[in-house]
Amino acid sequence: MRSLAWKSVLPLTVVVIMAAAVVGYAAEESDMTGNVASHKSFGKSGESGEDPQDQDPAATAPADDGNAYTPRRTEQNARVGAVFEKDDSGDHFCTASVVQSPGRNMLITAAHCAYDAEAGSTVNDLVFAPDYRDGDEPTGLWKVKKVIVDDRWAKSQDEDLDVAFLILDKKDGKQIQDVLGGNTLGIDRGFDNEVKITGYPTSRDTPISCQNRTTKYSDTQMRIQCTDFEGGTSGSPWLADYDPKSHTGTVIGVLGGHEGGGDQDDVSYAAYFDDDVAVLYRRAQDKD
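What counts, and where the lines are drawn
- Residues numbered from 1 in each chain as written.
- Predicted model: local features only at pLDDT ≥ 70, side-chain atom pairs only at ≥ 80, totals over all residues.
- Heavy atoms only, no water.
- Phe/Tyr/Trp six-rings, centres within 6.5 Å; stacked < 30°, edge-to-face > 60°.
- Helix = DSSP H or I, 4+ residues; strand = E, 2+ residues; numbered from the N terminus.
- Buried < 20%, exposed > 50% of the residue type's maximum accessible area, 1.4 Å probe, protein only.
- Salt bridge = Lys/Arg side-chain N within 4 Å of Asp/Glu carboxyl O.
- Pairing = 2+ DSSP bridges.
- Axes fitted to C-alpha atoms, helices over the stretch in contact; angles between N-to-C directions.
- Disulfide = S-S within 2.5 Å.

### Details of the packing of aromatic side chains
Turning to step 1, where the next piece is worked out: Tallying each qualifying case throughout the model produces 4 aromatic pairs.
Turning to step 2, where the next piece is worked out: For the pair Phe-191 and Tyr-272, a centre-to-centre distance of 4.4 Å together with 20° between the ring planes defines the contact as stacked. Separated by 81 residues along the polypeptide, Phe-191 in the loop between β10 (184-185) and β11 (194-199) and Tyr-272 in the loop between β17 (267-271) and α4 (275-287) bring together distant segments of the chain. Here Phe-191 matches Tyr-272 in class, with each residue buried.

### Topic: the pattern of salt bridges
Proximity of charged atoms lets side chains of opposite charge pair with each other.
Turning to step 1, where the next piece is worked out: Evaluated as defined, the whole model comprises 11 salt bridges.
Turning to step 2, where the next piece is worked out: Here Asp-136 ties to Arg-73 by a salt bridge, and the two come within 3.1 Å at their closest N and O atoms. Placement of Asp-136 in the loop between β7 (126-130) and β8 (142-150) and of Arg-73 in the loop between β1 (27-31) and β2 (80-85) is noted, with a sequence separation of 63 residues between them.
Turning to step 3, where the next piece is worked out: The closest approach of N and O atoms between Asp-219 and Lys-216, which form a salt bridge, is 2.9 Å.
Turning to step 4, where the next piece is worked out: Where salt bridges share partners, they join Arg-73, Asp-131, Arg-133 and Asp-136 into one cluster.

### Re the sheet that holds β17
Turning to step 1, where the next piece is worked out: With antiparallel pairing, the 3 strands of this open sheet are ordered in space as β13-β14-β17. Both edges of this open sheet fall to β13 (215-218) and β17, since each of them pairs with a single strand only. Across the sheet, the axes of successive neighbouring strands diverge by a mean angle of 35°, strand direction being ignored.
Turning to step 2, where the next piece is worked out: Two strands pair when backbone bridges link them, and strand β14 (residues 221-225) and β17 are joined in this way by 5 bridges, in the antiparallel orientation. The residue bridging Gln-221 from the neighbouring strand is Ala-271, located in β17.

### Quick look at the state of the cysteines
Turning to step 1, where the next piece is worked out: Evaluated as defined, the whole model comprises 2 disulfides.
Turning to step 2, where the next piece is worked out: Disulfide pairing places Cys-94 opposite Cys-113 at an S-S distance of 2.1 Å. The disulfide joining Cys-94 to Cys-113 has a torsion of about -80° about its S-S bond and is therefore left-handed. Within this pair, whereas Cys-94 is found in strand β3 (residues 94-99), its partner Cys-113 is found in helix α1 (residues 111-114), the two being separated by 19 residues in sequence.
Turning to step 3, where the next piece is worked out: Overall, Cys-113 belongs to the buried group, its relative accessible area being 2%.
Turning to step 4, where the next piece is worked out: The residue that forms a disulfide with Cys-210 is Cys-226, at a sulfur-sulfur distance of 2.0 Å. Note on the Cys-210 and Cys-226 pair: the S-S dihedral is about -80°, so by sign convention the disulfide is left-handed. One end of the pair, Cys-210, is in strand β12 (residues 208-213); the other, Cys-226, is in the loop between β14 and β15 (237-243), with 16 residues separating them in the sequence.
Turning to step 5, where the next piece is worked out: Overall, the relative accessible area of 0% leaves Cys-210 in the buried class.
Turning to step 6, where the next piece is worked out: A relative accessible area of 1% means that Cys-226 is categorised as buried.
Turning to step 7, where the next piece is worked out: The connectivity of the disulfide-linked cysteines in the chain, indexed sequentially, is 1-2, 3-4.

Given below as structure tokens:
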């Protein structure tokens, strides 16, 4: 299971649940000022209190396909970060990354990282630490002010809708995309893609990356073989077609979906980005 609990996030002093029926689809959103919910692990979200482990894999360059390695600090990798509750004094339990939006303030992650199904509300105290390594945060902590998930995820945890968009507050007068840039979102890209996945296992203080080809698990789910993607890697972006000239890639999935991302560390899943995700993305843009 690869992520960890949740609380609430929306703009209006109270947790507000807004259903937007667009193409048979509603979005759930909440402001950071809502009630606090308890943390529970689900999928590949991290378990609080896990003992840190050795920092292997320790390679600093891409390994063979499907093998995890410790990525270098680059502009591309800096857009991926660890997700904490409240501040960085506790354990990071999920992963998120910057995606482009008109407001220049948006992240993408797994819905189970940002919505507490037991409490029936979004997680209200998330913070994001991009390029986090051994306690070092080059651009500091960014506060999440709003979470947008599909209403069907909120009601039944539909694994095909395990995607969430997070809207961040400004930091030092700047939006996160102004500081780090952002990747594009890829819709209906097919099931066979070469991708790079970067995530933050809770048991480590550094990220891991892996490169391999995706395969089709079902009509609504992708699958990949990558070693060591354990608890904490939920929400990790599946990045295709990175262009060093434009400094952008395309996120075609996030680790989650089937079994919350998978119950084996070496096999992971992602919900296929179809029209439902496109509608959710547009909904999030209207709220950023």
